[in-house]
Amino acid sequence: MMPRKVFLAVGLTLTVLLVMSSAMAAPVPTTPDGLRAYSIIPPGQSGFINLGQIASGITPPHADDQREMYASLVDDNDVTEAELSTYLHSAQFGPGATIEDEYRPNNKSTVYRDDFGIPHVYGDTDEDAAFALGYVAAEDRLWQMDVLRHAARGDLASFLGPDYLAYDRGVRTEGYTLAEVQSMFDVLDNDFGADGTLLQDMLTAYSEGVNDRMAEVRADASLKPVEYDSRQLPIEDWAPTDTIYMVVLQLRRFGETAGSELTHAALLEQLQKNLGKKAGKGAFRDFTWRNDPNSYSTIPASEGKFTSPDPRPIDNSAVAIPDGAGALVASRSQTSAATRLLPESPSSNFIGVAPSKSATGNTLNWGGPQVGYNVPQFFMEIDVHSPSFDFRGPAVPGASLLIPLGRGIEHAWSLTTASSDAVDVRAEELCEPGGGNATEDSNGYMFDGACVAMTARTETIPVKGGSDDMLSVYRTSHGPVFDRGTVGGAPVAFTRERAFWLHETDSVISFMRAAKNTVASIADFSAAMSTSTMAFNAIYVDSTDLGYFHVGKYPIRAEGVDPMLPSWGTGEWEWQGFIPFAELPHMTNPAQGWLVNWNNQPARGWANGDQSMWGPTQRVKLLATQMKNLLRNGGKASLSDVVDVARTVATSDGNAVILGPRMLKLAGSPSGTARDALAATAEWIDAGAHRTDEDRNDRQDFGIATALWDTWYKKLVEAVFDDELKGAYDLTVPAADDAPTNNGSAYYSSLSNHLWNLFGPTHKNLAMDYCDDQRTGATETCAGAVRRSLHAAVGALSRRFGSNLAKWHWPTDYIEFEPLGALEVDPIPWENRGTYNQAIEVLGL
């Protein structure tokens, strides 16, 4: 794929004027700064383009000035301390030496724009700073904010048209009403005291700042994003509830990691259909394991065991398998165009190094939250200073008065999505409250022996260019009804019970407290995160401590409930409370002197959720291996060393690095073309299985190896699992296809966990030998499957390229930046990294 040509660069005249303005700027207030800090968010800070810029072919300032910096990191084979500023920009407090602009929004604060267009906000009060944050967010990302608030409220169809109606219906069904969102705002002061009151005041001021900028945009056409003109859309005022809606959207997207029980039910149905009831159930357990002992955990086993409550043994009377589960799931698999507007599934990572393993004796942190690659990016960057706050980090436009991670004066923190289970699908036994036979349309449900009426409301969804859509929304005591069907022929409604229902904003309080200047220790940070209701892994660093916390609100399930399958909502199987924060996995200053996380298992004994299976080929092992290599024999890490670890693993094919050696061992000693191709692949795997294109010729640098590996791996998966799954790959977690998307995360999971266990001693723990093809009368072995698929791959590639390996090649993997409006930028070669990166060394004051 050749990069597409986009708009022209900004002219020299503008640059000169901006530099001249910096010479006339007033002195920037000084802020204590105890960190050495770097960060980056590609493609750039700004998402604004107007009609005149479109017509002139001009790339707006700072819309695309971080993409190449970000992309080029992986081309450097050894990053030095001096080169950190080549691939990352400064994340110190303040705008630095070059101030491109200085202004006072509504005279309530001062904003300085640096040479990357990043706003540095200084407010006399916290509310003044919040006002300015709303103003600058609307300057940089007004169109994006507007689209996201409509997505969060479930009224995109009224804004962008009927293609988004299916999405709106889903949001209205499982989201909150405006009255509920207003209530979430109203109770903050009652629930959280002074911090809740402060948050209310700042949300109000933030909305005022957005509206102040909106008023300017309405009055001056040159300030209006072109997307409004092209669609003839109004610019409506912002309200605090819009930000709350966006908080819910953001936190559910990154902190809700379960609720896939119906998909699992469909998988069970398909496996039992293919293999028989008993064998199918055994295979189902192999594909939905709870706790693989070969998983890598962030907290080493030597640091302690945190065992999540396990409701086993399973009581079959608690399980509610829908009739025709596959058809039910297939009917819900239709996605709308709105999915392009939101980040892909979470794939963040972080690295921490304690003073004991640091070359300078200072704590080190690499944070890499992955929220997909869009233009403009999902995050913008902010730097804020007010009486209660001195913080800098990434923020979601529209909710950017609160950053979920970043840095303070002497501390920094980062997050990854945790994959623990805080959501259950319930099957509600339907009944008629007034008596009579129940049907799938009945709106009563049995609970504790009584027929209870569901709550009901009718939603009107306006559709731009079409007729209004009417939606009936029903809820039970467990949550919103999202589907209906039968179980054993009896009518049921399916609901999702969420541990954080109506309490997403509790996590916002955690973020706010983590960013406050009152955080002076790891104990303070722990207290701040204790109110988080959403599923996250948090890393904390200060001048003395490195800490890790697995946070969220997780239920204790009734004995007998199967966490992987739907359970009855009739009252016998209710949650038995929630796991106390003190009992969630956590650790301070690990004995090994470092820690890593990449959405992996937090601690030994902690079970998977139902949406992400921790296993032996999880990508976190790439980070752990690099850290062990870096620190072996008494080695110490510098900040650039930690960046190098992230750089190295960013282009590694995790499947090949971790599973590859077992496949190579089983492959034997082929001859001819297969021998030579296998030798090239073995060398590639031994060197880290890097998928790179340094000369940007649209071909992999290691074409022979990547061509063979990709083809071989696909054919091996088919040879091993086709007979059991028979087309049900999309029902497995994770699914078989693990190729790059605009998320960046790829080549670490798919079915490699299953293959790794199958090809080693742990195959004895599996329900069946998947290498033995159920469709033949012969007995096949794993070695045979590996060799047959190898020769099939070599044959396919020889037919495509010929037997001369010098002619074999393979296309470069690319990351496309998904446009969220009129801006477009070139793709970059694939790398598996956070969308935002921060590199921190805590120097202390």
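Being a predicted model, the structure only gives us computed values, none of them experimental.

Attention shifts here to the packing of aromatic side chains. Throughout the structure, instances matching the rule amount to 21 aromatic pairs. When the ring of Tyr176 is compared with that of Trp501, the centres are 4.7 Å apart and the planes differ by 65°; the resulting orientation is edge-to-face. Pair noted here: Tyr176 is in the loop between helix 7 (165-174) and helix 8 (178-186) and Trp501 is in the loop between strand 20 (490-498) and helix 15 (504-515), with a separation of 325 residues, a long-range link. You can call Tyr176 buried: its relative accessible area is 8%. Every member of this aromatic cluster is reached through a ring pair, and the members are Tyr70, Tyr373 and Phe817. Above the ring of Tyr176, the side-chain terminus of Arg252 is found at 5.1 Å from the ring centroid. The positively charged end of Arg496 is found above the aromatic ring belonging to Phe482, 4.0 Å away from the centroid.

Between helix 5 (residues 126-153) and helix 9 (residues 188-219), the least distance of the axes is 6 Å, while the angle of their chain directions is 60°. Our classification of the angle between helix 5 and helix 9 gives oblique. In this structure, helix 5 meets helix 9 at a crossing whose hand is right-handed. For the contact of helix 5 with helix 9, the per-class residue count stands at 15 nonpolar, 2 polar and 9 charged.

This next bit is on helix 18 (residues 639-650). With 12 residues, helix 18 extends 17 Å from end C-alpha to end C-alpha; this agrees with the ideal 16 Å at 1.5 Å per step. Of all 12 residues making up helix 18, 11 are buried, and the element is well covered by its neighbours. Contact partners of the buried residues in helix 18: strand 1 (35-40), helix 4 (84-87), strand 7 (349-353), strand 8 (364-368), helix 17 (620-631) and strand 30 (837-842).

Here the focus is the side chain of Glu100. For Glu100, the position within the fold is in the loop between strand 2 (89-90) and strand 3 (101-103). No salt bridge is formed by the buried Glu100. Its closest oppositely charged neighbour is Arg113, at 8.0 Å. At a separation of 2.7 Å, a polar atom in the side chain of Glu100 contacts the side chain of His62.

Looking now at the sheet that holds strand 2. What the 6 strands build is an open sheet, ordered 2-1-30-8-7-25; its pairing is antiparallel. At either end of the open sheet lies a strand with only one pairing partner, and these are strand 2 and strand 25 (594-597). Inspection of the sheet shows strand 7 paired to strand 25 by 4 bridges, in the antiparallel sense. Opposite Phe350, over in strand 25, you have Asn597 as the bridge partner. Sheet strands in contact with helix 17 are strand 7 and strand 25, and its direction is about 160° off that of strand 25. Packing against the sheet, helix 18 makes contact with strand 1, strand 7, strand 8 and strand 30, and its axis sits at approximately 30° to strand 8.

The next point concerns the state of the cysteines. Within the structure shown, the criterion is met by 2 disulfides. Cys771 shares a disulfide with Cys782; S-S distance 2.1 Å. Judged by the sign of its S-S torsion, about 95°, the bond between Cys771 and Cys782 is right-handed. Taken together, the residues Cys771 in the loop between helix 22 (752-758) and helix 23 (782-801) and Cys782 in helix 23 connect sequence positions 11 residues apart. Overall, the relative accessible area of 1% leaves Cys771 in the buried class. With cysteine numbering restricted to those in disulfides and following the sequence, the chain has the pairing 1-2, 3-4.

A cis geometry characterises the amide bond from Arg312 onward to Pro313, with omega recorded as 0°. Position of Pro313 among the secondary structure elements: in the loop between strand 6 (297-299) and helix 14 (325-331). In this structure, the amide linkage connecting Val375 to the following residue, Pro376, adopts the cis form with an omega of 0°. Considering the arrangement of structural elements, one finds Pro376 in the loop between strand 9 (374-375) and strand 10 (380-385). Despite not being glycine, Leu502 has its phi angle at roughly 65°, a positive value.

So, how was this worked out
Residues numbered from 1 in each chain as written. Predicted model: local features only at pLDDT ≥ 70, side-chain atom pairs only at ≥ 80, totals over all residues. Heavy atoms only, no water. Phe/Tyr/Trp six-rings, centres within 6.5 Å; stacked < 30°, edge-to-face > 60°. Helix = DSSP H or I, 4+ residues; strand = E, 2+ residues; numbered from the N terminus. Buried < 20%, exposed > 50% of the residue type's maximum accessible area, 1.4 Å probe, protein only. Lys NZ or Arg CZ within 6 Å of the ring centre and 35° of its normal. Axes fitted to C-alpha atoms, helices over the stretch in contact; angles between N-to-C directions. Parallel < 35°, antiparallel > 145°, perpendicular 65-115°, else oblique. Left-handed = near helix turned anticlockwise from the far one by under 90°. Nonpolar A, V, L, I, M, F, W, Y, C, P; charged D, E, K, R; others polar. Expected span 1.5 Å × (residues − 1). Contact = heavy atoms within 4.5 Å. Lys, Arg positive; Asp, Glu negative; His and termini not counted. Salt bridge = Lys/Arg side-chain N within 4 Å of Asp/Glu carboxyl O. Polar contact = N/O pair within 3.5 Å; in protein donor to acceptor, adjacent residues only side chain to side chain. Pairing = 2+ DSSP bridges. Disulfide = S-S within 2.5 Å.

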